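Spelled out, the chains give:
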Amino acid sequence: MKIGYIGLGKMGLQMVERLLEKRHTVVAYNRSPEPTKEAEGYGAIPAYDLDELIAHLEAPRTLWLMVPHQAVDAVLADLLPLLASGDTIIDGGNSFFEESIRRHGEIASHGINFLDVGTSGGPSGARHGACIMVGGKKEVAEKYATLFSDLAVENGYAYVGDAGAGHFVKMVHNGIEYGMMQAIGEGFALMKKSPFHVPLESVANLYQHGSVIESRLMGWLLSGYRAYGENLEAISGEIANSGEGAWTVATARKYALSTPVIDDALQFRIDSQGNPSYTGQVVSVMRNQFGGHEVRKKE
(Lines give C-alpha, C1' and ligand atoms only; values in the text may rest on other atoms or scores of the structure.)
Protein backbone atom coordinates (compact mmCIF):
# COMPACT_ATOMS: atom_id res chain seq x y z
CA MET A 1 0.00 0.00 0.00
CA LYS A 2 1.13 3.57 -0.61
CA ILE A 3 0.56 5.83 2.38
CA GLY A 4 1.02 9.53 3.02
CA TYR A 5 2.31 9.85 6.57
CA ILE A 6 2.02 13.15 8.46
CA GLY A 7 3.82 13.60 11.79
CA LEU A 8 7.27 12.16 12.41
CA GLY A 9 7.68 12.42 16.15
CA LYS A 10 8.93 9.64 18.42
CA MET A 11 5.97 7.42 17.43
CA GLY A 12 5.69 8.47 13.79
CA LEU A 13 9.27 7.82 12.76
CA GLN A 14 9.23 4.38 14.35
CA MET A 15 5.96 3.51 12.62
CA VAL A 16 7.25 4.70 9.24
CA GLU A 17 10.25 2.41 9.64
CA ARG A 18 7.95 -0.53 10.41
CA LEU A 19 5.71 0.24 7.42
CA LEU A 20 8.73 0.29 5.14
CA GLU A 21 9.95 -2.97 6.63
CA LYS A 22 6.53 -4.47 5.81
CA ARG A 23 7.02 -3.34 2.17
CA HIS A 24 4.56 -0.48 2.15
CA THR A 25 5.51 2.69 0.25
CA VAL A 26 5.54 5.72 2.54
CA VAL A 27 5.52 9.39 1.56
CA ALA A 28 6.61 11.14 4.75
CA TYR A 29 5.97 14.72 5.83
CA ASN A 30 6.73 16.62 9.02
CA ARG A 31 6.32 20.32 9.76
CA SER A 32 10.04 20.61 10.56
CA PRO A 33 12.30 19.13 7.86
CA GLU A 34 14.84 17.20 9.93
CA PRO A 35 12.58 14.18 10.71
CA THR A 36 11.54 14.07 7.05
CA LYS A 37 15.19 13.71 6.08
CA GLU A 38 15.58 10.97 8.67
CA ALA A 39 12.56 9.11 7.25
CA GLU A 40 14.11 9.42 3.79
CA GLY A 41 17.17 7.67 5.16
CA TYR A 42 14.94 4.72 6.09
CA GLY A 43 13.61 4.56 2.53
CA ALA A 44 10.54 6.84 2.64
CA ILE A 45 9.73 9.31 -0.12
CA PRO A 46 10.26 12.77 1.42
CA ALA A 47 7.73 15.60 1.13
CA TYR A 48 8.44 19.04 2.52
CA ASP A 49 4.93 20.45 2.28
CA LEU A 50 1.42 19.03 1.92
CA ASP A 51 1.18 19.85 -1.79
CA GLU A 52 4.28 17.76 -2.43
CA LEU A 53 2.90 14.97 -0.26
CA ILE A 54 -0.37 14.81 -2.21
CA ALA A 55 1.47 15.00 -5.55
CA HIS A 56 3.26 11.74 -4.69
CA LEU A 57 -0.02 9.88 -4.02
CA GLU A 58 -2.46 8.42 -6.52
CA ALA A 59 -6.23 8.51 -5.92
CA PRO A 60 -7.82 7.10 -3.89
CA ARG A 61 -5.27 8.34 -1.37
CA THR A 62 -4.57 7.11 2.16
CA LEU A 63 -3.25 9.60 4.73
CA TRP A 64 -2.11 8.64 8.23
CA LEU A 65 -1.97 11.44 10.83
CA MET A 66 0.34 11.04 13.83
CA VAL A 67 0.28 14.52 15.31
CA PRO A 68 -0.64 15.88 18.79
CA HIS A 69 -4.38 16.07 19.33
CA GLN A 70 -4.18 19.86 19.60
CA ALA A 71 -2.83 20.02 16.02
CA VAL A 72 -5.30 17.70 14.25
CA ASP A 73 -7.86 20.33 13.23
CA ALA A 74 -5.17 22.65 11.84
CA VAL A 75 -3.66 19.83 9.79
CA LEU A 76 -7.09 18.81 8.48
CA ALA A 77 -7.90 22.40 7.52
CA ASP A 78 -4.77 22.49 5.35
CA LEU A 79 -5.19 18.95 4.05
CA LEU A 80 -8.87 18.68 3.08
CA PRO A 81 -8.76 21.17 0.17
CA LEU A 82 -6.07 19.00 -1.42
CA LEU A 83 -8.06 15.74 -1.24
CA ALA A 84 -10.88 14.25 -3.30
CA SER A 85 -13.92 12.08 -2.69
CA GLY A 86 -12.91 8.50 -1.93
CA ASP A 87 -9.69 9.39 -0.11
CA THR A 88 -9.18 8.16 3.46
CA ILE A 89 -7.72 9.89 6.51
CA ILE A 90 -6.61 7.81 9.49
CA ASP A 91 -5.95 9.59 12.79
CA GLY A 92 -3.56 7.37 14.73
CA GLY A 93 -2.84 9.85 17.53
CA ASN A 94 -4.38 10.35 20.97
CA SER A 95 -7.41 12.43 20.03
CA PHE A 96 -10.46 12.83 22.28
CA PHE A 97 -13.16 10.50 20.97
CA GLU A 98 -15.87 13.18 20.85
CA GLU A 99 -13.61 15.26 18.61
CA SER A 100 -13.12 12.21 16.39
CA ILE A 101 -16.89 11.79 16.08
CA ARG A 102 -17.18 15.43 15.04
CA ARG A 103 -14.33 15.13 12.56
CA HIS A 104 -15.84 12.01 11.05
CA GLY A 105 -19.02 13.90 10.22
CA GLU A 106 -17.22 16.95 8.87
CA ILE A 107 -14.84 14.91 6.74
CA ALA A 108 -17.65 12.67 5.45
CA SER A 109 -19.39 15.76 4.08
CA HIS A 110 -16.45 16.04 1.65
CA GLY A 111 -16.91 12.41 0.56
CA ILE A 112 -13.71 11.46 2.41
CA ASN A 113 -13.43 8.45 4.72
CA PHE A 114 -12.17 8.85 8.29
CA LEU A 115 -10.92 6.24 10.75
CA ASP A 116 -9.88 6.90 14.35
CA VAL A 117 -7.17 4.53 15.50
CA GLY A 118 -5.96 4.18 19.07
CA THR A 119 -2.33 3.09 19.14
CA SER A 120 -0.74 1.63 22.28
CA GLY A 121 2.79 0.43 22.90
CA GLY A 122 4.90 3.57 22.82
CA PRO A 123 7.78 4.09 20.39
CA SER A 124 8.90 0.48 20.80
CA GLY A 125 5.43 -0.75 19.87
CA ALA A 126 5.32 1.59 16.90
CA ARG A 127 8.55 0.05 15.66
CA HIS A 128 8.09 -3.62 16.59
CA GLY A 129 4.31 -4.04 16.71
CA ALA A 130 1.63 -2.03 18.50
CA CYS A 131 -1.86 -2.62 19.87
CA ILE A 132 -4.23 -1.12 17.29
CA MET A 133 -7.87 -0.15 18.08
CA VAL A 134 -9.90 0.94 15.05
CA GLY A 135 -13.10 2.98 14.96
CA GLY A 136 -15.17 4.19 11.99
CA LYS A 137 -17.28 2.62 9.28
CA LYS A 138 -16.68 -1.11 9.33
CA GLU A 139 -16.54 -1.46 5.55
CA VAL A 140 -13.79 1.20 5.41
CA ALA A 141 -11.84 -0.36 8.26
CA GLU A 142 -11.96 -3.78 6.57
CA LYS A 143 -10.19 -2.36 3.52
CA TYR A 144 -7.22 -1.59 5.75
CA ALA A 145 -7.10 -4.88 7.66
CA THR A 146 -3.71 -5.81 6.19
CA LEU A 147 -2.26 -2.40 7.03
CA PHE A 148 -3.43 -2.59 10.64
CA SER A 149 -2.23 -6.18 10.98
CA ASP A 150 1.19 -5.16 9.67
CA LEU A 151 1.43 -2.40 12.27
CA ALA A 152 0.26 -4.58 15.16
CA VAL A 153 1.76 -7.38 17.19
CA GLU A 154 0.23 -10.78 16.56
CA ASN A 155 -3.49 -10.63 17.50
CA GLY A 156 -2.98 -6.96 18.42
CA TYR A 157 -5.49 -5.36 16.06
CA ALA A 158 -9.28 -5.13 16.37
CA TYR A 159 -12.16 -3.16 14.92
CA VAL A 160 -13.97 -1.83 18.01
CA GLY A 161 -16.96 0.13 16.68
CA ASP A 162 -18.33 3.17 14.88
CA ALA A 163 -16.71 6.60 14.54
CA GLY A 164 -14.93 7.57 17.76
CA ALA A 165 -14.76 4.04 19.17
CA GLY A 166 -11.06 3.57 18.43
CA HIS A 167 -10.06 6.66 20.36
CA PHE A 168 -12.63 5.92 23.07
CA VAL A 169 -11.16 2.47 23.73
CA LYS A 170 -7.64 3.96 23.74
CA MET A 171 -8.75 6.66 26.20
CA VAL A 172 -10.14 4.04 28.58
CA HIS A 173 -6.90 2.05 28.14
CA ASN A 174 -4.91 5.05 29.30
CA GLY A 175 -7.22 5.62 32.26
CA ILE A 176 -6.69 1.99 33.33
CA GLU A 177 -2.96 2.51 32.83
CA TYR A 178 -3.05 5.46 35.26
CA GLY A 179 -4.59 3.26 37.96
CA MET A 180 -2.24 0.32 37.43
CA MET A 181 0.87 2.51 37.47
CA GLN A 182 -0.35 4.30 40.60
CA ALA A 183 -0.83 0.99 42.44
CA ILE A 184 2.68 -0.15 41.50
CA GLY A 185 4.12 3.19 42.60
CA GLU A 186 2.35 3.08 45.95
CA GLY A 187 3.36 -0.53 46.61
CA PHE A 188 7.04 0.05 45.91
CA ALA A 189 7.01 3.26 47.97
CA LEU A 190 5.59 1.23 50.86
CA MET A 191 8.34 -1.37 50.53
CA LYS A 192 10.99 1.36 50.40
CA LYS A 193 9.58 2.92 53.59
CA SER A 194 9.50 -0.38 55.49
CA PRO A 195 12.20 -1.41 58.01
CA PHE A 196 13.15 -4.48 55.96
CA HIS A 197 15.61 -2.87 53.52
CA VAL A 198 13.77 -4.61 50.70
CA PRO A 199 15.90 -5.02 47.53
CA LEU A 200 13.44 -3.31 45.21
CA GLU A 201 15.10 -4.24 41.93
CA SER A 202 15.15 -7.88 43.01
CA VAL A 203 11.48 -7.72 43.97
CA ALA A 204 10.53 -6.15 40.64
CA ASN A 205 12.40 -8.98 38.94
CA LEU A 206 10.73 -11.53 41.24
CA TYR A 207 7.26 -10.19 40.46
CA GLN A 208 8.04 -10.71 36.79
CA HIS A 209 8.38 -14.46 37.26
CA GLY A 210 5.03 -16.12 37.84
CA SER A 211 3.33 -13.60 40.13
CA VAL A 212 -0.24 -12.44 39.58
CA ILE A 213 1.01 -8.89 38.91
CA GLU A 214 3.59 -9.91 36.32
CA SER A 215 3.18 -7.35 33.53
CA ARG A 216 4.85 -5.15 30.97
CA LEU A 217 4.59 -2.28 33.46
CA MET A 218 6.51 -4.27 36.06
CA GLY A 219 9.09 -5.11 33.42
CA TRP A 220 9.49 -1.43 32.62
CA LEU A 221 9.94 -0.63 36.32
CA LEU A 222 12.65 -3.28 36.47
CA SER A 223 14.35 -1.69 33.46
CA GLY A 224 14.07 1.69 35.17
CA TYR A 225 15.72 0.41 38.33
CA ARG A 226 18.53 -1.08 36.28
CA ALA A 227 19.02 2.19 34.44
CA TYR A 228 18.72 4.65 37.35
CA GLY A 229 19.18 2.66 40.58
CA GLU A 230 16.63 1.83 43.26
CA ASN A 231 16.59 5.33 44.75
CA LEU A 232 15.71 6.83 41.36
CA GLU A 233 17.65 9.93 42.37
CA ALA A 234 17.80 11.29 38.82
CA ILE A 235 14.04 10.87 38.25
CA SER A 236 11.51 13.59 38.94
CA GLY A 237 8.70 12.73 41.33
CA GLU A 238 6.41 15.19 39.55
CA ILE A 239 4.29 13.29 37.02
CA ALA A 240 3.00 14.88 33.84
CA ASN A 241 -0.67 14.50 32.95
CA SER A 242 -0.97 14.15 29.18
CA GLY A 243 -4.78 14.45 29.10
CA GLU A 244 -6.21 10.97 28.52
CA GLY A 245 -6.73 10.30 32.24
CA ALA A 246 -8.69 13.53 32.62
CA TRP A 247 -10.78 12.63 29.56
CA THR A 248 -11.54 9.22 31.08
CA VAL A 249 -12.65 10.73 34.40
CA ALA A 250 -14.78 13.40 32.71
CA THR A 251 -16.44 10.83 30.44
CA ALA A 252 -17.18 8.50 33.36
CA ARG A 253 -18.87 11.37 35.20
CA LYS A 254 -20.88 12.20 32.07
CA TYR A 255 -22.08 8.57 32.05
CA ALA A 256 -22.75 8.71 35.85
CA LEU A 257 -20.15 6.03 36.55
CA SER A 258 -17.82 5.94 39.55
CA THR A 259 -14.11 5.48 38.74
CA PRO A 260 -12.39 6.14 42.10
CA VAL A 261 -9.11 4.41 41.24
CA ILE A 262 -8.60 6.38 38.03
CA ASP A 263 -9.86 9.58 39.73
CA ASP A 264 -7.31 9.21 42.53
CA ALA A 265 -4.47 8.38 40.14
CA LEU A 266 -5.24 11.48 38.09
CA GLN A 267 -5.45 13.68 41.18
CA PHE A 268 -2.13 12.29 42.42
CA ARG A 269 -0.48 13.41 39.18
CA ILE A 270 -1.99 16.88 39.51
CA ASP A 271 -0.96 17.14 43.17
CA SER A 272 2.56 15.89 42.41
CA GLN A 273 3.44 19.22 40.79
CA GLY A 274 5.59 20.92 43.40
CA ASN A 275 5.12 17.92 45.73
CA PRO A 276 7.40 15.12 44.45
CA SER A 277 7.50 11.69 46.09
CA TYR A 278 9.00 8.25 45.62
CA THR A 279 5.61 7.02 44.38
CA GLY A 280 5.83 9.72 41.73
CA GLN A 281 9.36 8.67 40.83
CA VAL A 282 8.27 5.06 40.31
CA VAL A 283 5.38 6.13 38.05
CA SER A 284 7.67 8.55 36.19
CA VAL A 285 10.35 5.97 35.50
CA MET A 286 7.76 3.58 34.04
CA ARG A 287 6.51 6.39 31.76
CA ASN A 288 10.07 6.97 30.67
CA GLN A 289 10.70 3.33 29.87
CA PHE A 290 7.62 2.65 27.75
CA GLY A 291 6.90 6.08 26.31
CA GLY A 292 10.27 7.79 26.16
CA HIS A 293 8.93 10.65 28.29
CA GLU A 294 11.60 12.97 29.68
CA VAL A 295 11.44 12.54 33.46
CA ARG A 296 14.87 13.51 34.72
CA LYS A 297 14.96 16.05 37.52
CA LYS A 298 15.56 19.58 36.30
CA GLU A 299 18.98 20.94 37.16
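The present account deals with the structure reproduced in this document. This structure is a prediction, so every number in the text was calculated from the model and none was measured.

**Considering the environment of Tyr207**
When you line up the elements, Tyr207 lands in helix H10 (residues 200-207). The exposure class of Tyr207 is partly exposed, given its relative accessible area of 24%. Separated by 15 residues in sequence, Tyr207 and Lys192 place their C-alpha atoms 16 Å apart. Excluding anything up to four places from it in sequence, Tyr207 contacts Phe188, Met191, Ile213, Glu214 and Met218.

**What about helix H13 (residues 260-271)?**
The first and last C-alpha atoms of H13 sit 16 Å apart over twelve residues, in line with the 16 Å expected at 1.5 Å per residue. Along H13, the positions that sit buried rather than exposed are Ile262, Ala265, Leu266 and Arg269. Seen from one end, H13 has its buried residues packed into an arc of 95°, which puts them on one side. Looking at the buried side of H13, the elements it contacts are helix H9 (165-193), helix H12 (244-254) and helix H14 (278-291).

**Some words on the sheet that holds strand S3 (residues 45-47)**
The strand order across the open sheet built from eight strands is S3-S2-S1-S4-S5-S6-S7-S8, with neighbouring strands paired in mixed fashion. Of all the strands in the sheet, the pair left with one neighbour each is S3 and strand S8 (152-161). Strand-to-strand, the axes of this sheet are offset by a mean angle of 25°, without reference to chain direction. Pairing geometry for strand S6 (residues 113-120) and strand S7 (residues 130-135), over five bridges, is antiparallel. Pairing of Thr119 across the sheet is with Ile132, part of S7. Helix-sheet contacts for helix H5 (residues 97-108) involve strand S5 (88-91) and S6, and the interaxial angle to S6 is about 155°.

Analysis parameters
- Residues numbered from 1 in each chain as written.
- Predicted model: local features only at pLDDT ≥ 70, side-chain atom pairs only at ≥ 80, totals over all residues.
- Heavy atoms only, no water.
- Helix = DSSP H or I, 4+ residues; strand = E, 2+ residues; numbered from the N terminus.
- Buried < 20%, exposed > 50% of the residue type's maximum accessible area, 1.4 Å probe, protein only.
- Contact = heavy atoms within 4.5 Å.
- Expected span 1.5 Å × (residues − 1).
- Arc of directions from axis to C-beta.
- Pairing = 2+ DSSP bridges.
- Axes fitted to C-alpha atoms, helices over the stretch in contact; angles between N-to-C directions.

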